[in-house]
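Read off the chains here:
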Amino acid sequence: MAESRTPKSGGSGVQSVERVFELLELMTDAGGDVALSELAASTDLPLPTIHRLLRTLVSLGCARQLPNRRYALGPKLIRIGEGAQKQFGALARPKLKELVDALGESANMAVLDGDMVVYVAQVPSQHSMRMFTEVGRRAHLHDTGVGKAILAQLPDETVRGIVARTGMPTPTAHSIGTVDALLAELDVIRERGYAVDDQEQEIGVRCFSMAVPDAPTPTAVSVSGPISRVDEAFGQRAVPLLHRAVEAIVGELTG
């Protein structure tokens, strides 16, 4: 008879799965690597259980032990994460198409990936002059509409840490170049509920963006195009439609 793979300690197999995901989420929240003692301080799990689960994750390639004895997320998760991102993008694409059909401009969805934003879905405009962002492209958070919408969901100290690590390049004269100016902008975004990239990444391009609340990872949806078409009147039409798209995506995620 084949030996059962259910752990001999630590409760049911379902409970063990829950515990594994708890450890992976704690490692992710810590920036990707963490000490055993830090995990023990962040969870009610017994130290022997944490150690046993980490050994299993290491053997599967889902975690690795660093020379300094800390544990890091493993390379096996990259493929899993890429597949999940593709499926997340596929889920949102019909809602993005509705935005394009209603507004006539390109629609995107992006997620937080480390200290950057990565685009996971796009439906392009039919205009010959349009905003085009390649799916998979990574960008800074402080100078993109989706990035600022995501940052507005995070505590200020987390924002400070991100920009300290990535810097704040200013690709245009409109780009935000200081932490204080960024934090002030995030306060405005939190109050009005959406972000605007006003030629901050590319001259001649404006973007309206809104965060997706309660997404599995910080996420935002945007519509963007040339400033000749994407003006204040466009924004007044776009914001309620973005809100509707975001609600629909949340419904897909929770339904």
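Each remark here, short or long, concerns the structure printed above.
Criteria and thresholds
Residue positions are counted from 1 within each chain, in the order its sequence is given. pLDDT decides what is reported in this predicted model: residues at 70 or higher carry local features, side-chain atom pairs at 80 or more are listed and counted, and totals for whole chains, interfaces and linings draw on all residues regardless. Just so you know, side-chain values use all the structure's heavy atoms and leave hydrogens and water out. Only strands joined by at least two bridges in the DSSP assignment are considered to pair. A run of H or I in DSSP becomes a helix once it reaches four residues, and a run of E becomes a strand once it reaches two; helices and strands are each numbered from the N terminus. Note on definitions: a residue-residue contact is assigned when non-hydrogen atoms from the two residues lie within 4.5 Å. Angles shown run from 0 to 180 degrees and are taken between the N-to-C directions of axes, each axis being a line fitted to C-alpha atoms and, for helices, limited to the stretch in contact. Here's how the labels work: a residue is buried when its accessible area is under 20% of the maximum for its type, exposed when over 50%, partly exposed in between, all with a 1.4 Å probe on protein chains only. Definition of nonpolar core: a set of buried residues of the types Ala, Val, Leu, Ile, Met, Phe, Trp, Tyr and Cys, connected through side-chain atoms within 4.5 Å.

Undergrad: Help me out: how do you make sense of the sheet that holds strand β4 (residues 106-113) in this one?
TA: Taken in spatial order, the 6 strands make up an open sheet running β6-β5-β4-β9-β8-β7, and their pairing is antiparallel. Since the sheet does not close on itself, it has two edges, and those belong to β6 (138-139) and β7 (195-198), each with one partner. As judged from the 2 bridges shared by strand β5 (residues 116-123) and β6, these two strands associate in the antiparallel manner. The residue bridging Val117 from the neighbouring strand is Ala139, located in β6. The strands that helix α8 (residues 232-254) touches are β4, β8 (205-211) and β9 (219-226); relative to β8, the one it contacts most, it runs at about 35°.

Undergrad: Explanation requested: the pairing of β8 in the structure shown.
TA: Among the 7 residues of β8, 7 are classified as buried, and the element is accordingly described as predominantly covered. The alternating pattern of β8 places Val205, Cys207, Ser209 and Ala211 and Arg206, Phe208 and Met210 on opposite faces, both of which are buried. Inspection of the sheet shows β7 paired to β8 by 4 bridges, in the antiparallel sense. By the bridge assignment for β8, Asp198 is matched with Arg206. If you look at the hairpin formed by β7 and β8, you'll find 6 residues sitting between the two strands, and Gln199 has a positive phi there, around 65°. Bridge count for β8 against β9 is 7 bridges, and the pairing is antiparallel. Note that in β9 the partner of Ala211 across the bridge is Ala220.

Undergrad: Whenever I open this one, the nonpolar core confuses me. Can you help?
TA: The tendency in soluble globular proteins is for nonpolar side chains to be buried as a group. Leu96, Leu99, Met109, Val221 and Val223 are the most contacted members of the largest nonpolar core, which totals 30 residues. Elements supplying a minimum of two residues to this core: α4 (76-103), β4, β5, β8, β9 and α8. When near neighbours in sequence (up to four residues on either side) are disregarded, Leu99 contacts Gly104, Ala107, Val221, Val223, Leu241, Leu242 and Ala245. Residues Ile176, Leu183, Leu186 and Ala195 belong to the second largest nonpolar core, which totals 24 residues.

Undergrad: What should I look at first to understand the side chain of Thr43 in this one?
TA: With respect to the helices and strands, Thr43 occurs in the loop between α2 (36-42) and α3 (47-60). The buried category is assigned to Thr43, whose relative accessible area is 9%. With residues up to four places along the chain from it excluded, the contact list for Thr43 reads Glu22, Leu26 and Ile50.

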